[in-house]
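Descriptive structure summary
So you can see what is in the structure, the chains are spelled out below.
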Amino acid sequence: MATVTLKPTKTPDIMLEANAITPDAFAGKTASQIAGLEGRVGKTYVTLGDFFEVSGNAGATAAETDIVVAGDCSRVKYIGSKMTAGTVTVKGNADMYVGGWMKGGKIHITGNVHSFCGIAMEGGEILVDGNAENHVGCAYRGDWRGMKGGTIRIKGNAGNDIGTFMLGGTIIVEGDVFIHVSTHAEGGTVIVKGNVEGRVGGQMVKGTIYVFGAIKFMMPGFKKVDRVELEVDGTKATFDHYIGDLGERHTKSKGKEIFADLYVKV
Amino acid sequence: MSEITGEILIKGGFIIDPAQKIDGDVGDIAIKDGKIVDRVSNAAKVIDAKGKVVMAGGVDVHSHVAGPKVNVGRLFRPEDKLFKSGITHAPTRMEMGFSIPSVLKTGYDYARMGYGFVMEAAMPPIHAPHVHEEIHDTPIIDEGALPVFGNNWFVMEYLKKGEVENTAAYIAWLLKVTKGFGVKVVNPGGTAAWAWGMNCLGIEDHVPYFDVTPHEIMTGLMAANEYLGLPHSIHVHQNNLGNPGNYPTTLESLKLAEGVKTHNKFGREQVMHSTHLQFHSYGGDSWANFCSKAKEVMDYVNKQKNITIDLGCVTLDETTTMTADGPFEHHLHALNHLKWANVDVEMETAAGVVPYIYDKDVVPNGVQWATGLELALYAKDPMRTFITTDHPNAGPFIRYPRVIKWLMNQKSREAVLASMKKVDKVIDLTNIHTIDRELNLYEIAAMTRTGPAKCLGLCNYYGSLKPGMIADVAVYDLNYKNMPSDPEKIESAFLRSAAFVKSGEIVVREGEVLSHGHKKTVWVNPIMKENPQVKRDVAQSFAKDYTVGLTNYPVREYLAPHPFVIDVNVEA
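Conventions and cut-offs
- Residues numbered from 1 in each chain as written.
- Chains lettered and ligands numbered in written order.
- Predicted model: local features only at pLDDT ≥ 70, side-chain atom pairs only at ≥ 80, totals over all residues.
- Helix = DSSP H or I, 4+ residues; strand = E, 2+ residues; numbered from the N terminus.
- Rg over C-alpha atoms; globule rule 2.2 N^0.38 Å.
- Buried ≥ 20, exposed ≤ 12 C-beta atoms within 10 Å, placed from the backbone.
- Contact = placed C-beta atoms within 7 Å.
- Nonpolar A, V, L, I, M, F, W, Y, C, P; charged D, E, K, R; others polar.
- Pairing = 2+ DSSP bridges.
- pLDDT = per-residue confidence, 0-100.
- Axes fitted to C-alpha atoms, helices over the stretch in contact; angles between N-to-C directions.
- Parallel < 35°, antiparallel > 145°, perpendicular 65-115°, else oblique.
- Left-handed = near helix turned anticlockwise from the far one by under 90°.
- Core = buried A, V, L, I, M, F, W, Y, C linked by C-beta atoms within 7 Å.

A few words now on the overall build of chain B. Counting its secondary structure elements, chain B contains 17 helices and 24 strands. Compactness check: chain B gives a C-alpha radius of gyration of 22 Å against a globular reference of 25 Å for 572 residues, within 12% of the reference. When its C-alpha atoms are laid out on the principal axes, chain B stretches across 65 × 55 × 50 Å. Going through the 572 residues of chain B one by one, you find that 57% of them count as buried. Considering only contacts within chain B whose residues lie at least 6 apart along the sequence, 78% involve residues at least 24 apart.

Written as structure tokens, this is what we have:
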């Protein structure tokens with residue numbers, strides 16, 4: 001394994017779109033080649049070297065490349081987007097689209113992330129030690145094909161629109177979530193350890209949601225069917241089991257209608 | 001509009017011009033002040049076309065590129081733009097989208113392909129100002145727009161009583177106020193029925209309330225169109241689009257042209273243009289036995305000389321369907337469960353928009369792909385058969401070069417067929433596998449420029465390299481004497497023209513756009529004696545039914561600031 005370290009040297013005036021900060025783009029390149037990789041600020045092209053001091057050469061492949069960004073990236077977008085292997089660690093905050101359309105590998109953000117973290121993700125892992133803003137693991141605007149696989153774990157709180165149009169994979173928020181969880185989802189799992197304000201599972205066709213705290217405003221389209229003992233993310237507890245969204249179309253399997261499942265801890 | 005001046009000489013290319021029956025002769029094309037001329041001076045700018053093919057600019061007979069439903073598609077499909085909008089380089093401006101490109105990308109992409117004229121295929125009359133604003137914002141290409149008449153309340157009221165002259169007077173008025181080009185008919189009667197949640201699937205079905213049939217609407221509009229002597233014929237999107245077993249309805253509609261004579265001074269020979277025929281050429285009675293009836297349909301088209309058709313080829317892409325056929329879009333939404341937009345346009349029409357993914361591994365989609373190509377391959381007269389994708393309904397227009405590749409090269413068709421998961425099934429349900437015909441460049445030129453120009457009544461302006469024509473000239477990097485063995489080179493040559501001269505100005509070199517050109521809006525101005533009854537009917541209806549006043553309805557001059565008006569003197 002080879003480690004490439006990026007040390008921020010300058011804060012961009014407008015956001016830096018750094019789609020190149022991925023093990024895939026770095027693989028096989030020297031530190032100076034990496035510093036020459038392209039980024040965008042508004043309608044102008046820049047290089048990573050304009051904003052970071054790069055040290056260390058990358059490994060031969062993405063899987064053999066670890067990237068450490070040693071500092072704050074509050075104004076850097078698209079870190080680790082579309083990556084397929086290797087790791088990215090940001091020691092600080094990151095802006096929007098961390099790990100968007102990601103297929104594999106691992107991302108660790110020690111601070112907070114802005115919105116669209118893990119958007120349309122297909123595989124791999126994202127770990128955020130702080131909070132996330134809105135649209136964690138959601139679909140791109142307008143698209144009906146959301147997160148398909150992989151795991152996102154937010155240790156803090158998250159905002160709105162978590163797992164919209166989700167098809168697969170897992171999102172775990174260890175803190176609280178505001179509104180809209182798994183809206184329109186047709187698969188996947190969302191686990192919220194804290195409380196949710198409301199609109200959980202609206203127009204959800206398939207998939208699973210676990211809520212450990214309270215849901216302040218329950219959707220009328222969910223119906224309680226039973227009470228079950230479950231082990232969820234390493235914790236055993238008793239949950240009320242709801243099915244829904246009863247206002248949506250649902251597919252049938254062996255003559256039985258398939259609903260989305262919502263489990264709320266008793 | 002600033003006049004285009006200057007001389008250009010396109011030198012030593014293989015010239016292909018079906019209008020003059022020129023097929024690959026090596027020669028020069030001279031251009032002066034925006035027109036093709038016999039010769040130019042030594043001062044002319046020279047474009048070296050040696051070893052390359054030279055054709056007139058392409059003419060698209062049917063494409064949805066401007067107006068409210070196109071914009072609904074753009075607005076409700078932001079994902080159509082994802083990862084498809086790079087940083088642009090001067091002189092071009094930002095380009096966006098794939099199946100529903102932005103106006104700029106629309107103009108640039110058509111120009112890159114060497115197209116000079118595009119017909120917007122469905123203009124809701126009340127939204128004509130919006131259509132013209134978008135047309136004006138689309139650079140380079142000349143455009144016209146066809147207002148829709150097939151579900152218009154005035155038309156249905158007049159035709160219920162068989163009043164062809166009043167229908168004609170209403171058409172003349174509407175073309176003037178909307179700056180429209182001709183008579184479009186979409187699912188005649190069916191779209192009106194949709195306001196009652198119904199449809200007209202057969203041509204003898206009754207339209208609720210109006211008590212008129214699709215048969216009567218088409219026959220009446222055809223008679224009114226010839227009464228006026230418009231440049232284009234009626235342009236028909238037939239009933240029962242897209243459904244298994246719809247081809248008998250298609251043949252019944254086409255037969256309405258039998259015995260009808262053309263009446264025009266524009267060189268047009270057909271009385272009905274039947275659009276995106278692929279969507280209307282299906283057999284079977286369910287999606288399980290859904291099959292191609294392209295042969296049966298083309299057998300009829302081949303012998304019936306007063307009709308023209310365009311293909312509507314499925315290109316196997318993710319695209320956005322949009323049509324004034326409101327009930328069809330609802331039906332499609334119920335099939336694929338994707339998002340659906342629907343609108344009723346007061347008094348006139350309706351529209352729907354639904355995204356659709358044509359998947360080569362889904363049997364009916366494979367059958368549709370084959371059906372579109374079969375229509376072209378069974379066609380005996382390329383001057384009556386035009387290449388389209390009903391953009392964006394069956395695929396985006398930037399796939400025309402791919403369709404051309406499939407038509408010119410059997411190997412490339414077979415490769416697509418072989419890549420289908422259920423290839424055997426698709427072969428059983430279609431004829432494509434049995435056809436070894438490969439179209440040549442002369443036939444392609446007829447199907448993409450000379451034929452469509454004639455069908456639109458524009459053969460005195462577009463579609464040929466004769467002296468006097470508007471100087472739209474495309475140069476493609478294909479050697480007429482030595483065509484590439486790799487079919488991909490056919491597609492890339494037609495996608496990025498080596499050079500494109502639009503109205504006497506070089507707008508594209510090596511596939512790169514150099515200029516925003518001098519686009520024009522083409523519309524038809526019928527000049528006829530005032531019809532007092534129609535005048536009164538229109539005034540009354542605007543006072544009683546419309547949500548806008550009559551004075552606010554017409555398209556203002558400033559919305560079409562570069563007009564190219566074709567006057568039609570109607571002899572009464």
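Still more ground to cover, so stick around.
Let us now look at the overall build of chain A. Secondary structure assignment for chain A yields 2 helices and 22 strands. The C-alpha radius of gyration computed for chain A amounts to 20 Å, which stays within 12% of the reference 18 Å derived for 266 residues, consistent with globular compactness. Judged by the C-alpha coordinates and their principal axes, chain A covers about 60 × 35 × 35 Å. A burial count over chain A gives 47% of its 266 residues as buried. Long-range pairs, those at least 24 residues apart, make up 38% of the contacts in chain A with a sequence separation of at least 6.

This next bit is on unusual backbone geometry. Working note: non-glycine residues mostly have negative phi, and peptide bonds are mostly trans. In this structure, Pro91 of chain B follows Ala90 of chain B across a cis peptide bond, with omega equal to 10 degrees. Tracing the backbone through its elements, the reader meets Pro91 of chain B in the loop between α1 (68–76) and α2 (103–112). The amide bond that connects His391 of chain B to the next residue, Pro392 of chain B, takes the cis arrangement and shows omega of -5 degrees. Tracing the sequence through the fold places Pro392 of chain B in the loop between β18 (385–386) and α12 (400–408). The residue Asp161 of chain A is not glycine, and still its phi comes out positive at about 55 degrees.

Attention now goes to the interface of chain A and chain B. Contacts between chain A and chain B engage 8 residues on the former and 7 residues on the latter. The residue inventory of the side of chain A that touches chain B, partitioned by class, reads 3 nonpolar, 1 polar and 4 charged.

Strand pairs in the sheet, formed through backbone hydrogen bonds, run parallel or antiparallel to each other. Residue and element names in this part refer to chain B. Read across the open sheet, the 5 strands follow the order β9-β10-β11-β14-β18; overall the sheet is parallel. The outermost strands of the open sheet, each flanked by one partner alone, are β9 (184–186) and β18. Relative to β18, strand β14 (residues 307–310) runs parallel, the two sharing 2 bridges. Each bridged residue has a counterpart across the sheet, and for Asp310 the counterpart in β18 is Phe386.

So, about α2 of chain B. Residues and elements named next belong to chain B. By the criterion of burial, α2 is predominantly enclosed, with 10 of the 10 residues buried. If you check which residues of α2 are buried, you get Val103, Leu104, Lys105, Thr106, Gly107, Tyr108, Asp109, Tyr110, Ala111 and Arg112. Taken together, the buried residues of α2 touch β7 (115–123), α3 (128–137), α16 (487–495), β20 (499–502), β21 (505–509) and β22 (512–513). Just downstream of α2 lies Gly114, where phi reads positive at about 80 degrees.

Chain-level pLDDT for chain B is 97 on average; 99% of the residues reach the 70-or-more range. Interface confidence in the predicted complex, given as ipTM, is 0.90; pTM for the same model is 0.95.

Further remarks concern the pairing of strand β5 (residues 52–55) of chain A. All names here are of chain A. Only one face of β5 is buried: it carries Phe52 and Val54, and the other face, with Glu53 and Ser55, is open. One ladder, built from 4 bridges, connects strand β1 (residues 2–8) with β5; its direction is antiparallel. Pairing of Pro8 across the sheet is with Phe52, part of β5.

All right, on to the packing of helix α4 (residues 153–160) of chain B against helix α5 (residues 164–178) of chain B then. Describing two packed helices takes the angle between their axes plus the distance from one axis to the other. Residue and element names in this part refer to chain B. Between α4 and α5, the least distance of the axes is 8 Å, while the angle of their chain directions is 165 degrees. Looking at the two axes, α4 sits roughly antiparallel to α5. Here the hand of the crossing between α4 and α5 comes out left-handed. Contact with α4, carried on its side by Phe154, Val155, Tyr158 and Leu159, involves Asn166, Thr167 and Tyr170 of α5 and no other residues of that element. Residues belonging to the contact of α4 with α5 are distributed by class as follows: 5 nonpolar, 2 polar and no charged.

All names here are of chain A. Ordered in space as β13-β15-β17, the 3 strands form an open sheet in which the pairing is parallel. Two strands bound the open sheet, and with one partner strand each, they are β13 (177–181) and β17 (215–217). With strand direction ignored, the average angle separating the axes of adjacent strands in the sheet is 35 degrees. Note: strand β15 (residues 196–200) against β17, 2 bridges, orientation parallel.

The next point concerns the environment of Glu120 of chain B. Residues and elements named next belong to chain B. Among the secondary structure elements, Glu120 is positioned in strand β7. Since 26 C-beta atoms lie within 10 Å of it, Glu120 is described here as buried. It is 17 Å that separates the C-alpha atoms of Glu120 and Lys454, two residues lying 334 residues apart in sequence. Dropping the residues within four chain positions of it, Glu120 is found in contact with Ser63, His64, Val65, Ala66, Gly67, Val131, Ile135, Glu143, Gly144, Ala145 and Leu146.

What follows deals with the pairing of β15 of chain A. One ladder, built from 3 bridges, connects β13 of chain A with β15 of chain A; its direction is parallel. Among the inter-strand pairings, Val177 of chain A is bridged to a residue of β15 of chain A, identified as Val196 of chain A.

All right, on to the packing of α4 of chain B against helix α7 (residues 214–228) of chain B then. Residues and elements named next belong to chain B. As a packed pair, α4 and α7 sit with axes 10 Å apart at the nearest point and diverge in direction by 95 degrees. One way to sum up the angle between α4 and α7 is to call them roughly perpendicular. Of α7, the residues touching α4 (which contributes Val155, Met156 and Leu159) are Glu216, Ile217, Gly220 and Leu221. Taken together, the residues of the contact of α4 with α7 sort by class into 5 nonpolar, 1 polar and 1 charged.

Right, let's get into the nonpolar core. Ranked by size, the top nonpolar core spans 173 residues in total, and within it Val54, Ala111, Ile171, Leu221 and Val473 of chain B carry the most contacts. Discounting residues that sit within four places of it in the chain, Val473 of chain B has contacts with Ile10, Ile29, Ile31, Val54, Ala56, Gly57, Leu465 and Val501 of chain B. Met121, Ile162, Phe165 and Met166 of chain A belong to the second-largest nonpolar core, a separate cluster that totals 77 residues.

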